[in-house]
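So you can see what is in the structure, the chains are spelled out below.
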Amino acid sequence: MMTRRQKIIKLLEERDYSVSELALMLEMRGRGSKKIILEDLKVIANIVKREGKVLLIQPAQCRKCGFVFKAEIKSPGKCPKCRSEWIEEPRFKIELR
């Protein structure tokens, strides 16, 4: 039986996923599911680092004005440039260094 974090690592080694896609793949529903996955991703970044791998982050982007956020493990709520909430989620992938 694999833990949730092991499942996330396995999925991210295959291709890139957003937090919402990971929640669907892991059949997690509810208000806190994205928050739990974001916390897991922070831990996973350290785990894969010890294994000689790296967690790549494609940063979030505003769909309205195109503003690109910092590449970090969190989901922004509003665009600081145009105040839009129409945000493309960051995507994550694990690769060898």
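In what follows, the structure referred to is the one given above.
Below is a summary of the structure that appears in this document. (Residues numbered from 1 in each chain as written. Predicted model: local features only at pLDDT ≥ 70, side-chain atom pairs only at ≥ 80, totals over all residues. Heavy atoms only, no water.)

Some details on helix H1 (residues 4–14)
Note the threshold: Partly exposed residues are those whose accessible area sits between 20% and 50% of the maximum for their type, while under 20% is buried and over 50% is exposed, using a 1.4 Å probe and protein chains only. Put simply, DSSP H or I for four residues or longer makes a helix, DSSP E for two residues or longer makes a strand, and each gets a number counted from the N terminus. The arc under discussion is defined with respect to the helix axis, by the directions toward the C-beta atoms. In what follows, a contact means two residues having at least one pair of non-hydrogen atoms within 4.5 Å.
Taken residue by residue, H1 has Ile8, Ile9, Leu11 and Leu12 as its buried positions. With its buried residues spanning 165° around the axis, H1 presents them on a single face. The inward-facing, buried residues of H1 contact strand S1 (17–18), helix H2 (19–25), helix H3 (33–50), strand S2 (53–58) and strand S5 (91–96).

Let's talk about the sheet that holds S1
Short version of the rule: When DSSP finds two or more bridges between a pair of strands, those strands are recorded as paired. Orientation is described by axes fitted as lines to C-alpha atoms, over the contacting stretch for helices, and by angles from 0 to 180 degrees between their N-to-C directions.
One open sheet holds the three strands; their spatial order is S1-S5-S2, and the pairing between them is antiparallel. A strand with exactly one partner marks an edge of an open sheet, and here the two such strands are S1 and S2. The pairing of S2 with S5 spans six bridges and is antiparallel. The partner of Ile57 across the bridge, within S5, is Phe92. Across the sheet, H1 lies against S1, S2 and S5, angled at about 80° from S5, the strand it touches most.

Focus: the environment of Glu72
Structurally, Glu72 is set in the loop between strand S3 (61–62) and strand S4 (87–88). On the basis of relative accessible area, Glu72 is assigned to the partly exposed category, the value being 33%. Note: C-alpha distance between Glu72 and Leu56 (16 residues apart in sequence) is 9.6 Å. Apart from residues no more than four positions distant in its own chain, Glu72 is found in contact with Ile57 and Phe92.

Considering the nonpolar core
Here is the rule we go by: As used here, the term nonpolar core means buried Ala, Val, Leu, Ile, Met, Phe, Trp, Tyr and Cys residues forming a set that is joined through side-chain atoms within 4.5 Å.
Among the nonpolar cores identified, the biggest contains 19 residues, and Ile8, Leu12, Leu22, Ile37 and Leu41 are the most heavily contacted of them. Looking at this core, the elements that each hand over two or more residues are H1, H2, H3 and S5. Per element, the largest residue contribution to this core is five residues, and it comes from H3. Beyond its immediate sequence surroundings of up to four residues, Ile37 is in contact with Ile8, Val19, Leu22, Ala23, Leu26 and Met28. Core analysis: the next-biggest nonpolar cluster, separate from the first, contains five residues, Ala60, Cys62, Cys79 and Ile87 among them.

Some details on the pattern of salt bridges
Heads up, the rule is: Within this document, salt bridges are pairs made up of a side-chain nitrogen of Lys or Arg and a carboxyl oxygen of Asp or Glu, the two lying within 4 Å of each other.
Applying the stated criterion across every chain yields a total of ten salt bridges. A salt bridge links Asp40 to Arg5, with the nearest nitrogen and oxygen atoms 2.9 Å apart. With a gap of 35 residues between them, Asp40 in helix H3 and Arg5 in helix H1 connect regions that are remote in the sequence. Among the residues examined, Arg5 registers a relative accessible area of 33% and is labelled partly exposed. Its salt-bridge partner being Glu72, residue Lys74 comes within 3.7 Å of it at the nearest N-O pair. Among the residues examined, Lys74 registers a relative accessible area of 47% and is labelled partly exposed. Within this structure, Arg4, Arg5 and Asp40 form a network of salt bridges that share partners.

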